[in-house]
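# Remarks on the overall topology
What follows is the residue order along each chain.
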Amino acid sequence: MSRRGTEKMKKFTRLASTVVLAVAVTMPLVASAADRSVKVLGWGAKSGPLKSFGVNSEAALRSAIAQINAAGGVKLGDGSSAPLEVVSYEDSACKKDQNIAILRKTASTTDAIVGMGATCSGSCQAMYGVLQKKIGDTSDSGVQMPILSDTCIRPGLAKISEWAFRNVPNEVAMYDKLFTWLRSENPDVKTFSGGTETDQGHSFITHTAIIVQAAIRHGFEWVGPSVPELGPKVKQGMKELQAAAKTQHWLMGDTSYSVQARKIKKQNPDMVLVSSHPFSACGFLKEMKRQKVKPKLLVGLTSSASQETLNGCMSAAEGLIIPTGFAPITPEAISANEIVSKAGGFLDLHSAAAWENAYLVKAAVEKAGISATADTVAEDRRKFRDALASISGIAGLIGPVTRDGVTGEASKPYVYVQVVNGEWKVIHDPRG
Amino acid sequence: MDDFWFEFVEITQSIGDGFLYGSTYALIGIGFTLIFGAMGKLNIAYAATAIAGAYSSLAIFTLFDVSLVIIFIVSAISAAILGYLVYLTCFRFIPVHNHLAALMASVGGLFFIDEVIVHATRGSPLNFPSMFSEAYFEVGPYGIRGDLLFVFVIGLISTGVLLYVLFRTRLGLATRAVAQQDVAARLCGMSIHSTNSATFAVAGLLGGIAGAMTAAAVGILSPVMMLPLTIKGLIVTVIGGLGSIPGAIIAGLFVGSFENVVMYVRGIDERDMYVVALLFIFLIFRPNGLFGKTITRD
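Reading the values: the criteria
Residues numbered from 1 in each chain as written. Chains lettered and ligands numbered in written order. Predicted model: local features only at pLDDT ≥ 70, side-chain atom pairs only at ≥ 80, totals over all residues. Helix = DSSP H or I, 4+ residues; strand = E, 2+ residues; numbered from the N terminus. Buried ≥ 20, exposed ≤ 12 C-beta atoms within 10 Å, placed from the backbone. Contact = placed C-beta atoms within 7 Å. Domains from an automatic or database assignment. Nonpolar A, V, L, I, M, F, W, Y, C, P; charged D, E, K, R; others polar. Pairing = 2+ DSSP bridges. Core = buried A, V, L, I, M, F, W, Y, C linked by C-beta atoms within 7 Å. Axes fitted to C-alpha atoms, helices over the stretch in contact; angles between N-to-C directions. Left-handed = near helix turned anticlockwise from the far one by under 90°. Arc of directions from axis to C-beta. Parallel < 35°, antiparallel > 145°, perpendicular 65-115°, else oblique.

Per the secondary structure count, chain A includes 13 helices and 17 strands. Based on the C-alpha atoms only, the size of chain A along its principal axes is roughly 115 × 50 × 35 Å. Classification of the 432 residues of chain A by burial places 53% in the buried group. Counting only contacts in chain A whose residues sit at least 6 apart along the sequence, the fraction spanning at least 24 positions is 70%.

As structure tokens, this is what we get:
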């Protein structure tokens with residue numbers, strides 16, 4: 001080989017070596033980015049009478065995450081992309097101790113950067129209670145793990161801990177606007193009464209602290225047992241109402257509603273509130289029908305704006321009006337509804353929030369610039385929490401979802417639905 | 001005077017409603033007491049098999065659009081089969097004198113049946129067809145629900161048939177013989193296990209009717225009904241006297257009326273408290289219940 005040929009060979013060898021070295025150096029990096037995933041762990045009631053809540057939320061969460069991953073996943077702090085991964089979706093069975101146990105296990109034994117649960121308000125309240133209350137408070141040994149909830153709707157829970165976040169409708173605003181609208185649409189409806197299930201915190205508190213007061217605020221007259229303390233402000237006369245109206249309330253597992261329905265029949269109200277979950281709401285509605293109680297308006301609890309109510313009492317629920325944070329009224333909502341249905345779930349106001357939460361996680365991860373490695377879990381959780389706290393709004397399925405920086409509570413768009421001919425129909429859209 | 005009359009009508013109406021609805025408690029109580037009478041053991045899974053029977057009948061109704069009468073028959077047969085399975089799994093192979101093991105096994109049976117139903121239905125309430133749900137008779141100031149009246153009549157007929165089986169058939173004779181003196185019954189050629197199996201199946205038949213009646217009276221089926229029905233059934237059994245069928249009937253009707261009156265007067269917060277207090281009063285002052293065999297104290 002000539003000298004020129006030898007030089008050429010050396011150049012080629014140097015170039016090839018450089019390329020091989022570069023590939024060798026970058027390969028592990030590329031591989032590690034591909035191997036990384038942003039882990040989340042979900043939980044909800046997947047057993048017991050509220051199983052449908054957990055099943056629907058899981059189907060919505062997994063479907064939304066699959067859609068995010070199909071579109072390229074999420075951007076990490078180093079600019080690479082990684083998929084979101086649901087490590088598992090546990091069954092918390094709406095039990096406080098089980099929720100706390102899952103939270104602790106998730107925080108201490110997994111790489112999940114956020115816990116996504118749970119179903120019942122009481123469980124969330126207990127679970128939020130074991131979280132660190134104030135960020136950076138070294139004297140507080142509470143669990144430092146971001147929680148993003150979709151279902152526990154009882155007002156005021158988000159203030160328990162700065163690690164707790166909720167994407168749930170604001171029932172105070174929903175019922176306030178509902179009764180404003182009902183007042184304007186039904187000038188002949190003047191009086192109201194109703195009942196609730198006392199063993200379910202959400203139903204009981206929402207009925208006695210929010211719904212009754214909202215109706216009074218908009219000029220409807222309470223004709224149930226006399227409660228002089230009742231007034232238009234949230235919680236006004238709540239305790240007195242709870243005590244006075246206990247003979248027209250019921251329990252979630254009750255099988256007889258004859259006394260309650262008869263009491264309300266005697267009061268002859270124009271409007272009846274049935275602030276109850278589907279099973280007992282259906283039991284009470286059927287009893288009202290049997291006793292021929294025919295109010296001009298029927299108003300229900302947000303949680304009953306679901307398929308379960310139609311399964312249980314389609315005919316007796318005819319005319320029932322409920323404010324809800326989800327209805328398939330936008331292209332995004334229609335598409336999500338179809339995807340979740342194919343995955344074996346139903347989208348309702350709770351599970352739709354689980355879908356939105358997946359996108360909220362994507363937004364927070366990309367804002368936080370996390371590393372998503374096993375060594376940076378605690379750091380990533382904190383960055384993720386701070387990013388979540390700094391997000392003031394995202395695009396929800398039926399409109400923008402915003403978050404109040406002071407109370408930590410979400411503000412969501414809502415519509416009013418009614419059972420018409422055995423189906424939920426949107427009867428008013430206050431989104432404007 | 002008007003107030004007094006109004007309250008009188010309301011309370012008597014509550015008693016009447018509770019009395020009619022109490023027939024479902026009576027049937028559940030009879031099932032508990034029948035098994036206790038035969039084996040001296042409590043089958044905690046009994047009300048669960050009753051509700052499971054009703055679920056089976058609802059499945060048949062939905063799939064084949066059969067008549068409402070068939071629902072009660074299917075519910076009874078399904079619950080009888082389940083009752084037999086509960087006997088096989090929770091009682092048959094557990095040593096006769098190990099009462100605690102059998103009790104715990106049946107508790108497990110209750111939760112297992114409950115979870116199977118929750119799994120199959122996602123815990124969603126399901127519409128259950130009612131007979132005569134539109135019938136409502138107004139007699140003066142009183143109203144009587146046609147469907148509750150029907151439930152009451154079915155309860156009476158079922159009890160009558162059961163009493164006939166117990167006192168007029170060979171199966172009934174064997175059941176009573178095994179209950180009274182199992183060793184002597186065996187010496188007379190009666191198979192303890194066959195008799196017990198038959199007792200569970202008969203109790204299951206009754207439970208299936210009770211389950212369908214309860215679901216028809218409420219108009220919905222849900223797993224949340226299982227635990228309250230189990231508790232009410234046990235209370236009825238204890239108040240009536242363990243092992244006494246007339247006691248279970250009277251106690252069922254009484255508890256139904258009592259809880260309705262307490263509901264009317266004191267409200268939902270205190271209703272179950274008073275019913276359980278009633279149980280305590282019986283346990284302390286009349287531990288053998290209304291008609292049970294005398295229990296001696298140490």
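Read on for the rest.
With that settled, the discussion passes to the domain arrangement of chain A. For an interface, size is often stated in terms of accessible area lost upon the parts coming together. Residue and element names in this part refer to chain A. The domains assigned to chain A are domain 1 (38–169 + 329–413) and domain 2 (171–324). Each of domain 1 and domain 2 was reduced to a C-alpha centroid, and the two centroids are 31 Å apart. The interface of domain 1 with domain 2 comprises 11 residues on the first partner and 13 residues on the second. For the side of domain 1 that touches domain 2, the per-class residue count stands at six nonpolar, three polar and two charged.

All names here are of chain A. As summarised here, the arrangement of the three strands in space is β13-β14-β15, forming an open sheet in which the pairing is antiparallel. What marks the edges here is a single partner per strand, and that holds for β13 (393–395) and β15 (410–411). Relative to β15, strand β14 (residues 400–403) is paired through two bridges, and the arrangement is antiparallel. Across the sheet, residue T402 finds its bridge partner in β15, namely S411.

As a further point, take the nonpolar core. Core analysis: the largest hydrophobic core is formed by 216 residues, its most contacted members being W355 of chain A together with I51 and I209 of chain B. At 15 residues, helix α8 (residues 192–218) of chain B tops the list of elements feeding residues into this core. Lining this core are residues from two domains, each supplying at least three of them: domain 1 (38–169 + 329–413) and domain 2 (171–324) of chain A. Ignoring sequence-local partners within four residues, the contact set of I209 of chain B consists of L27, F72, S75, A76, I154 and S158 of chain B.

This paragraph deals with the packing of helix α2 (residues 51–70) of chain A against helix α12 (residues 351–368) of chain A. Residues and elements named next belong to chain A. Axis separation between α2 and α12 bottoms out at 7 Å; the angle between their running directions is 35°. In this structure, α2 meets α12 at a crossing whose hand is right-handed. Along its contact with α2, which presents N56, S57, A60, L61, S63, A64, I65 and I68, the element α12 presents S351, A352, A354, W355, N357, A358, Y359 and K362.

Let us look at the sheet that holds strand β9 (residues 221–222) of chain A. Sheet strands pair via backbone hydrogen bonds, and the direction of the pair is either parallel or antiparallel. Residues and elements named next belong to chain A. Across the sheet, seven strands lie side by side as β9-β8-β10-β11-β12-β16-β17; this open sheet has mixed pairing. With one partner strand each, in any of the chains shown, β9 and β17 (423–428) form the two edges of the open sheet. Pairing of strand β8 (residues 191–196) with β9, which is carried by two bridges, proceeds in the parallel orientation. Bridge pairing in β9 links T191 to E221. Here helix α5 (residues 171–185) sits on the sheet in contact with β11 (297–300), β12 (320–324), β16 (415–420) and β17, set at roughly 135° to β12. Each of β8, β9 and β10 (271–275) is contacted by helix α6 (residues 201–217), which is oriented at about 155° to β10, the strand it contacts most.

What follows is about unusual backbone geometry. Residue and element names in this part refer to chain A. For the bond from G117 to A118, the omega torsion is 10°, close enough to zero to count as cis. Structurally, the position occupied by A118 is in the loop between β5 (114–116) and α4 (121–129). For A372, which is not glycine, the phi torsion reads 55° and is therefore positive. Within the secondary structure, A372 sits in the loop between α12 and α13 (377–390). With 24 C-beta atoms packed within 10 Å, A372 lands in the buried category.

Next up on the list: helix α6 (residues 170–180) of chain B. All names here are of chain B. The complete set of buried residues in α6 reads A174, T175, V178 and A179. Summarising the axial view, the buried residues of α6 lie within an arc of 130°, below the 170-degree limit, and thus occupy one face. In α6, the exposed positions that point more than 90 degrees away from the buried face belong to R170 and Q180.

This paragraph deals with the interface of chain A and chain B. Residue-level contacts link 33 residues of chain A with 32 residues of chain B. Among the elements that line the side of chain A that touches chain B, the one with the most residues is helix α9 (residues 278–290) of chain A, at six residues. The class makeup of the residues in the side of chain A that touches chain B is 12 nonpolar, 14 polar and seven charged.

With that out of the way, let us pick up the environment of I211 of chain A. All names here are of chain A. Within the element layout of this structure, I211 appears in helix α6. C-beta crowding within 10 Å serves as the criterion here: with 28 such atoms nearby, I211 is assigned to the buried category. Expressed as a C-alpha distance, the spacing of I211 and S351, which sit 140 residues apart in the sequence, is 23 Å. Apart from residues no more than four positions distant in its own chain, I211 is found in contact with Y175, T206, L273 and S275.

Residue and element names in this part refer to chain B. Contact geometry of helix α5 (residues 146–168) with α8 gives a least axis separation of 10 Å together with a crossing angle of 175°. The orientation of α5 with respect to α8, classified from their angle, is roughly antiparallel. Contact residues: α5 offers D147, L148, V151, I154, G155, S158, L162 and V165, while α8 offers V202, L206, I209, M213, A216 and A217. Partitioning the contact of α5 with α8 into residue classes produces 11 nonpolar, two polar and one charged.

It is worth spelling out the pairing of β14 of chain A at this point. Residues and elements named next belong to chain A. With burial as the criterion, only one face of β14 is covered, namely that bearing V401 and R403; the residues P400 and T402 on the opposite face remain uncovered. Hairpin connection between β13 and β14: a loop of four residues separates the two successive antiparallel strands, and G399 in this loop has a positive phi of roughly 155°. Connecting the antiparallel pair β14 and β15 is a turn made up of six residues, with G408 showing a positive phi of about 80°.

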